[in-house]
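Each chain, written out:
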Amino acid sequence: MRRPCDTVYWQYVLREYWDLYRYGSAGVNRVIRSHLKDFRNRLNAELGINPEVTFDQPNSLPVCAWLGRAMDQGLNERTAPLVRSLARVIDQLTWRYGYERMRKGLARKYAYAELMGPNGPVVSKKLILGLVLFAPRCTYPEHSHDGISESYICLSGSVSDSNYSVFTPGSLLFNPPKRAHRMTTGDFEPTLLAYAWTGDEDKLTHQKMDFSIKK
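Just so you know, these numbers come straight off a predicted model, no measurement behind them. (Residues numbered from 1 in each chain as written. Predicted model: local features only at pLDDT ≥ 70, side-chain atom pairs only at ≥ 80, totals over all residues. Heavy atoms only, no water.)

## Side note on the overall build of the protein chain
Secondary structure summary: the protein chain contains 5 helices and 13 strands in total. Looking at the 215 residues of the protein chain, the share that counts as buried comes to 49%. For the protein chain, restricting intrachain contacts to residue pairs at least 6 apart in sequence, the fraction spanning at least 24 positions comes to 73%. Just so you have it, the protein chain exposes about 11,100 Å², and 47% of that area is on carbon and sulfur atoms. (Helix = DSSP H or I, 4+ residues; strand = E, 2+ residues; numbered from the N terminus. Buried < 20%, exposed > 50% of the residue type's maximum accessible area, 1.4 Å probe, protein only. Contact = heavy atoms within 4.5 Å. Areas by Shrake-Rupley, 256 points an atom, 1.4 Å probe, with all protein chains shown as cover.)

Encoded structure:
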């Protein structure tokens, strides 16, 4: 089912996403500030053409048992405006793994859902937006992305980046292309992250996720 992106709640989700990338802190890091600006320019351009929304069959995976708790916790954080908007569309999302073969134990602790991208729901070839949900005590193995600049904003819970830093709600994690990174969550609470991918159209359309890292 396809229709223009004039659905009220989807418009709010994308606008709240834009606000996070406009008013969140990037410090004085020029690379990160450039990524945030590139993100906003891409999203502005897509909103300007009123992209279509295409709904796939909604799907739930085992980790979604933690989704209610993650959303509830997010309502207490400075990222609450986006979380409230997501609550209006959360039952329309298709949760996926993104891998043909999952590592043992990860299938119950991880899933992602795209909000915008080549495959929808909001159709775009210039930008990919989505959510990642982790259960407590989850380690997402080291990986990297070819030709993709990736950023996360923590909506609830906490996550460590390659065991060097801990990010809490409102924090931004940035990974330039080919930077290997691993994420680990805390012991008691699930973690919900909003993510954005920017890059060339071909890389966004044909990006393949792989745990294999060559050092």
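Still more to cover.
## Observations regarding helix α1 (residues 8-23)
With 16 residues, α1 extends 22 Å from end C-alpha to end C-alpha; this agrees with the ideal 22 Å at 1.5 Å per step. All of the buried residues along α1 are Trp10, Val13, Leu14, Tyr17, Trp18 and Tyr21. Projection of α1 onto a plane perpendicular to its axis shows the buried side chains occupying an angular sector of 130°, all on one side. (Expected span 1.5 Å × (residues − 1). Arc of directions from axis to C-beta.)

## As for the packing of aromatic side chains
Applying the stated criterion across every chain, the model contains 8 aromatic pairs. Linked through ring pairs, Tyr17, Tyr21 and Phe39 together constitute an aromatic cluster. (Phe/Tyr/Trp six-rings, centres within 6.5 Å; stacked < 30°, edge-to-face > 60°.)

## What about the pattern of salt bridges?
Here the structure, examined in full by the defined rule, presents 5 salt bridges. For Arg69, the salt bridge goes to Glu189, with nearest N and O atoms at 2.6 Å. In this pair, Arg69 is assigned in helix α3 (residues 67-74) and Glu189 in the loop between β12 (181-185) and β13 (191-199), connecting sequence segments 120 residues apart. We classify Arg69 as partly exposed; its relative accessible area is 39%. For the salt bridge of Asp187 with Arg137, the shortest nitrogen-to-oxygen distance reads 3.7 Å. In this pair, Asp187 is assigned in the loop between β12 and β13 and Arg137 in the loop between β6 (128-134) and β7 (139-143), connecting sequence segments 50 residues apart. (Salt bridge = Lys/Arg side-chain N within 4 Å of Asp/Glu carboxyl O.)

## Concerning the pairing of β13
A large share of β13 lies buried, amounting to 9 of its 9 residues. On β13, burial covers both faces: Thr191, Leu193, Tyr195, Trp197 and Gly199 on one face and Leu192, Ala194, Ala196 and Thr198 on the other are all buried. Taken together, the 7 bridges between β6 and β13 define a ladder with antiparallel strand orientation. By the bridge assignment for β13, Leu131 is matched with Ala194. Direction of pairing for strand β8 (residues 148-156) relative to β13: antiparallel, over a ladder of 8 bridges. Residue pairing across strands places Ile153 opposite Ala194, the latter belonging to β13. (Pairing = 2+ DSSP bridges.)

## With respect to the sheet that holds strand β9 (residues 159-161)
One open sheet accounts for 4 strands, arranged β7-β12-β9-β10; its pairing is antiparallel. The open sheet is flanked by β7 and β10 (165-167), the only strands paired with a single partner. Each adjacent strand pair in this sheet contributes to an overall mean axis angle of 20°, direction not counted. (Axes fitted to C-alpha atoms, helices over the stretch in contact; angles between N-to-C directions.)

## Description of the side chain of Ser149
With respect to the helices, strands and loops of the structure, Ser149 is situated in strand β8. Excluding residues that lie within four positions of it along the chain, Ser149 makes contacts with His35, Phe174, Asn175, Pro177, Ala196, Trp197 and Thr198.

## Some words on the layout of surface pockets
Where empty space is left can be seen by rolling a probe of water-molecule size over the atoms. Here the second largest pocket defines a volume of roughly 260 Å³. In this structure, the second largest pocket is lined by 16 residues; those nearest its centre are Leu20, Tyr23, Gly24, Arg78 and Gly170. Counting residues per element, the ones that place at least two in the lining of the second largest pocket are α1 and α4 (80-87). Tallying contributions element by element places α1 first for the lining of the second largest pocket, with 5 residues. The residue inventory of the lining of the second largest pocket, partitioned by class, reads 8 nonpolar, 5 polar and 3 charged. (1 Å grid on protein atoms, 1.4 Å probe; cavity = no way out; pocket = protein on both sides within 12 Å on 5 of 7 lines; lining within 4 Å. Points joined across faces, edges and corners; volume = space filled by probe spheres on them. Nonpolar A, V, L, I, M, F, W, Y, C, P; charged D, E, K, R; others polar.)

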